[in-house]
Amino acid sequence: VEGCCAQVSCSGLSQSMVMLRCSSLLLLLQAAQGFEWMAHIKAPSIGNLLKSHTGSRFGDKKLVVITGTSSGLGLATTKALLRTEKYHVIGGVRNLEKMSVVAEEEGINLDHFTPVHLDLASYASVHRFVEELEKLRGDRPIDRLACNAAVYQPTLDYPKWTEDGHEQQHQINYFSHFLLTSKVMPMMEGSDDARICMLGSVTGNDNTVGGGGVYPIADLKELDGLELGCKNPIAMMDGYNFNGAKAYKDTKLACMMTCNMLHERFHRSTGIAFSSVYPGCIAETPLFREKRPWFRKLFPVFMKYITGGFVGEEEAGQRLFQVLHDPRCRKSGVYWGWNGGPREGREDSLEKGGQITGAGGAGGGWDSIFENDQSGKVLNKDLMMKLWKYTTEVTGADWPEAFLPKSPCPTLKVIEAATSILGVIEERARMEASRQGEGAQIIANRDLPREERRKSLEQMLLALDKTPKDQKQLEDDLLRTSGMAPAAQKEVNVVKQFKPVSTQASIEDVVVPEVDDPLLEEEKGPPKMIPGHELLGDTPVVFQPQNVMTMARVGQPLSEVASQADVFIRYKCRKGECKTCAVNIDGKWVSACQTKIEPQAPGQHFAVRVRLVSEAQKRKEKVAFFSPESVKDGFFNNAWGMFGFVKEGIAADDDFEVRMARERRIQQLVAEKAKHGSQKLRGVRVDAPVDQEGESNKFIVPAMFGVFGFMLAMVQSMNA
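Worth saying up front: this structure is predicted, and the values here are computed from it rather than measured. (Residues numbered from 1 in each chain as written. Predicted model: local features only at pLDDT ≥ 70, side-chain atom pairs only at ≥ 80, totals over all residues. Heavy atoms only, no water.)

(A) Fine view of the sheet that holds strand E13 (residues 588-591). Read across the open sheet, the 6 strands follow the order E9-E11-E10-E14-E12-E13; overall the sheet is mixed. Each of the sheet's edge strands pairs with one partner strand only, and the pair in question is strand E9 (528-529) and E13. In this sheet, strand E11 (residues 548-552) lies alongside strand E10 (residues 539-544) in antiparallel orientation, the contact comprising 5 bridges. The partner of Phe 543 across the bridge, within E11, is Val 548. (Pairing = 2+ DSSP bridges. Helix = DSSP H or I, 4+ residues; strand = E, 2+ residues; numbered from the N terminus.)

Below is the structure:
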């Protein structure tokens, strides 16, 4: 009996234990559901440790990628970004040696600037650049991408080909930037203010006089050439015979259309702001080095005095910097421009010998930025989708997985209709030459296989090819269009021309006689900082009686700072000899045109009191568009402009000699550095072999010791 009782007791005990274990297991399973989030935690790895170390070296700076930073607009934008000390710029450049010399000449802080080799004429180079960019950024997102680099070859009668078989302008200006954007976009994940900006152009926007009134006109037609691969001998995206100037304009049109498509496809899902920008006509840029000598001499003067579209490199760089920096430019799907009409700023031009600074959409300061209108070609959704599809096929871009309304402005509609007639007339001859005979019928028959159509098009274009047979002429042409500065035609004192101006006019040097101007208006309280101006410099400048504050750099001209703050100052002689631009600083009347910003003690600001313009004068200047006053002003404006054009044209620098002298000087310094090898060039050459294993060992060995120490400590604790 006792044995049976003991057996029953043990049986009950075992059942209780089973029940307890089952209950405990259910409780554990229930509790485990609350820790599902831990399944997404990844164990530390050597790769993650390396990325964390790389990203941390940038501190709190935003990462900006810009192509073409060794000269022109890209260099000016880089300097503007670095001045804020808020950005680390990664510059994609073809020639690292040249970039090293330019950085030394311009005083670029290489702690905040990293040049990386990028040849946009090669898809392989783009892929290597992206791989290096992935390593450089570490665990940090890319915050900005500016597709800036471009080439312009308007004088060649035949195309130059890249290693991938594309016409150079098409691949450098458009195809490679398209591919680069597809690779960089995923790296922007995690950025709180990601922006991608492509350089457009007035030449690609044919609802303007500059874009629709100057032949050849940008027109992608039906994209026959791009559909069929756009490879040698098919040079043009429209499939017709080659035209160098049109090739450049077509690429700018394609960039603007691509920005619109990027906005349509990805803005809502990624939060990235996609925009294109036209910073104005930089008439003295090396981009025009291949134009004829008379054009290089007179074009900048023409843009200053006739159209008013002239913009210097520094000002253009400030504008691209604004699109990358200004909080107002976070808006996506925008084509940014500055100032809007050829009559804005006309009253100033009458006082400066006819030179117009606010015309043709080129002038205007920080606050004159606006959303520019795009032409019907840019907004053509059907063509945009075909462009996207064919370019993706040609470049091999890998993207994550509608017709826009036209501008309602009646004036732009009239211009667009008028210029389309000119385009038809001018293009007919070029198109007929490429579409005659049996081959043209084969190309037009889309029911035939693509290979058959491609062969017919290649045969027709080869028959029209203008590549010279003379080897000497071919070599001369290639040298002329290689981007190298031409041989000097006359001696130019480079040091004299480019010696930095270290002296600045002091206030006492420009004192003008007293003028009648009451200073009776009381202060309106603390001045208000203009939004977005906080990072424009290191010295606060206050304008009264406007009671506004902006930031400027020491040595920056006061006239430039006033324009930046949208403060109106009248000018006349620009030599400090008249009283027109007099402003009051520290109780003394000085000429604004001759004054520069001076350093201030901590907590102090540079105070400027500007003479007020009466309301009557303002009303007089704001005349109606077609009023008699407007016609009169327009007549005198054009008369002064023609006078200034003739006067400056006669004295203008021949053949870009001053600018080209600087280019030759940089080439000479690059050659000397390469010859002597005195300094190790700064930057990352992704096309050269790199000892990546040795670089990684610096982090792998300490990490292995750390893991080994951790495991040893765990074993000791278990034994204890």
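The structure having been displayed, the exposition proceeds.
(B) Fine view of helix H6 (residues 168-184). Taking 1.5 Å per residue as the helical rise, H6 with its 17 residues ought to reach 24 Å, and the 22 Å between its terminal C-alpha atoms agrees with that figure. The principal kink in H6, of about 30°, is found at Phe 175. One side-chain oxygen of the residue at the start of H6 lies 3.1 Å from the amide nitrogen of Gln 169, identifying that residue as Glu 167. (Expected span 1.5 Å × (residues − 1). Bend = angle between axes of the 7 residues up to and from the residue. Polar contact = N/O pair within 3.5 Å; in protein donor to acceptor, adjacent residues only side chain to side chain.)

(C) Local environment of the nonpolar core. Leu 226, Met 237 and Leu 387 are the most contacted members of the largest nonpolar core, which totals 61 residues. Mapped by element, the contributors of at least two residues to this core are strand E1 (62-67), helix H5 (123-137), strand E4 (144-147), H6, strand E5 (195-199), helix H9 (244-270) and helix H13 (381-395). It is H9 that provides the largest number of residues to this core, a total of 9 residues. Ala 80, Leu 81, Phe 113 and Leu 320 belong to the second largest nonpolar core, which has 38 residues in total. (Core = buried A, V, L, I, M, F, W, Y, C linked by side-chain atoms within 4.5 Å. Buried < 20%, exposed > 50% of the residue type's maximum accessible area, 1.4 Å probe, protein only.)

(D) Region of interest: the sheet that holds E5. Sheet architecture is open: 8 strands sit in the order E3-E2-E1-E4-E5-E6-E7-E8, paired in mixed fashion. Because the sheet does not close on itself, it has two edges, and the strands there are strand E3 (113-117) and strand E8 (369-371). Pairwise comparison of adjacent strand axes, ignoring direction, gives a mean angle of 25° for this sheet. The pairing of strand E2 (residues 87-93) with E3 spans 5 bridges and is parallel. For Val 93, the partnering residue across the bridge sits in E3 and is His 117. Packing against the sheet, H6 makes contact with E1, E4 and E5, and its axis sits at approximately 175° to E4. (Axes fitted to C-alpha atoms, helices over the stretch in contact; angles between N-to-C directions. Contact = heavy atoms within 4.5 Å.)

(E) Main features of the pattern of salt bridges. Counted by the stated rule, this structure contains 22 salt bridges. A salt bridge links Arg 446 to Asp 224, with the shortest nitrogen-to-oxygen separation between them at 2.6 Å. Residue class for Asp 224 comes out buried when judged on its relative accessible area of 11%. Sharing partners across several salt bridges, the network here consists of Arg 144, Asp 193, Arg 195 and Arg 330. (Salt bridge = Lys/Arg side-chain N within 4 Å of Asp/Glu carboxyl O.)

(F) Fine view of helix H16 (residues 450-464). With 15 residues, H16 extends 21 Å from end C-alpha to end C-alpha; this agrees with the ideal 21 Å at 1.5 Å per step. For H16, every residue scored as buried is listed here: Arg 453, Ser 456, Leu 457, Met 460 and Leu 461. For H16, the angular spread of the buried residues around the axis is 125°, confining them to a single face. Opposite its buried face, H16 presents the exposed residues Lys 455, Gln 459, Leu 462 and Ala 463, each directed more than 90 degrees away. (Arc of directions from axis to C-beta.)

(G) Layout of the pairing of E1. The buried fraction of E1 amounts to 5 of the 6 residues, a majority that puts the element mostly inside the structure. As paired elements, E1 and E2 share 6 bridges and run parallel to each other. Counted as the bridge partner of Val 65 is Ile 90 from E2. Bridge analysis of E1 against E4 gives 3 bridges, and the strand direction is parallel. If you follow Val 64 over to E4, its bridge partner there is Arg 144.

(H) Layout of the packing of H9 against H13. Where H9 meets H13, the closest approach of the two axes is 10 Å, and the angle between their N-to-C directions is 90°. With respect to their mutual orientation, H9 and H13 come out roughly perpendicular. Residues Ala 254, Met 257, Thr 258, Asn 260, Met 261, Leu 262, Glu 264, Arg 265 and Phe 266 of H9 touch H13, and the partners they reach there are Lys 381, Leu 383, Met 384, Met 385, Leu 387 and Trp 388. Classifying every residue of the contact of H9 with H13 gives 10 nonpolar, 2 polar and 3 charged. (Parallel < 35°, antiparallel > 145°, perpendicular 65-115°, else oblique. Nonpolar A, V, L, I, M, F, W, Y, C, P; charged D, E, K, R; others polar.)

(I) Expanded view of unusual backbone geometry. A cis geometry characterises the amide bond from Asn 232 onward to Pro 233, with omega recorded as 10°. If you trace the backbone, Pro 233 turns up in the loop between helix H8 (224-227) and H9. Pro 545 follows Gln 544 through a cis peptide bond whose omega is 5°. Structurally, the position occupied by Pro 545 is in the loop between E10 and E11. Even without a glycine there, the phi angle at Glu 85 is positive, about 60°. Looking at Glu 85, the relative accessible area reads 56%, which means it is exposed. In the Ramachandran plot, Asp 566 falls in the positive-phi region, its phi being about 60° despite a non-glycine side chain.

(J) Inspection of the confidence of the model for the chain at higher detail. When pLDDT is averaged along the chain, the result is 76, and 62% of the positions lie at 70 or above. Confidence drops under a pLDDT of 50 for residues 494-521, and excluding neighbours within four residues, the segment shows 49 contacts in the predicted structure. Below a pLDDT of 50 lies the segment residues 621-626, which in the model reaches 9 contacts outside its immediate sequence neighbourhood of four places, other chains included. (pLDDT = per-residue confidence, 0-100.)

(K) The pairing of E2, seen in detail. Within E2, 7 of the 7 residues are buried, leaving the element largely enclosed by the surrounding structure. Side chains of E2 alternate between two faces, with Tyr 87, Val 89, Gly 91 and Val 93 and His 88, Ile 90 and Gly 92 buried alike. What joins E1 to E2 is helix H3 (residues 72-83), and the crossover it makes is right-handed. Once you follow E2 into helix H4 (residues 96-106) and on to E3, the crossover reads as right-handed. (Right-handed = clockwise from strand over helix to strand, strands pointing away.)

(L) The side chain of Thr 539, seen in detail. If you trace the backbone, Thr 539 turns up in strand E10. With relative accessibility at 4%, the residue Thr 539 sits in the buried group. A distance of 3.2 Å separates polar atoms of two side chains, one belonging to Thr 539 and the other to Asp 538. Among all residues touching Thr 539, those that are not within four sequence positions of it are Thr 550, Met 551, Ala 552, Val 554, Ile 597, Glu 598 and Gln 600.

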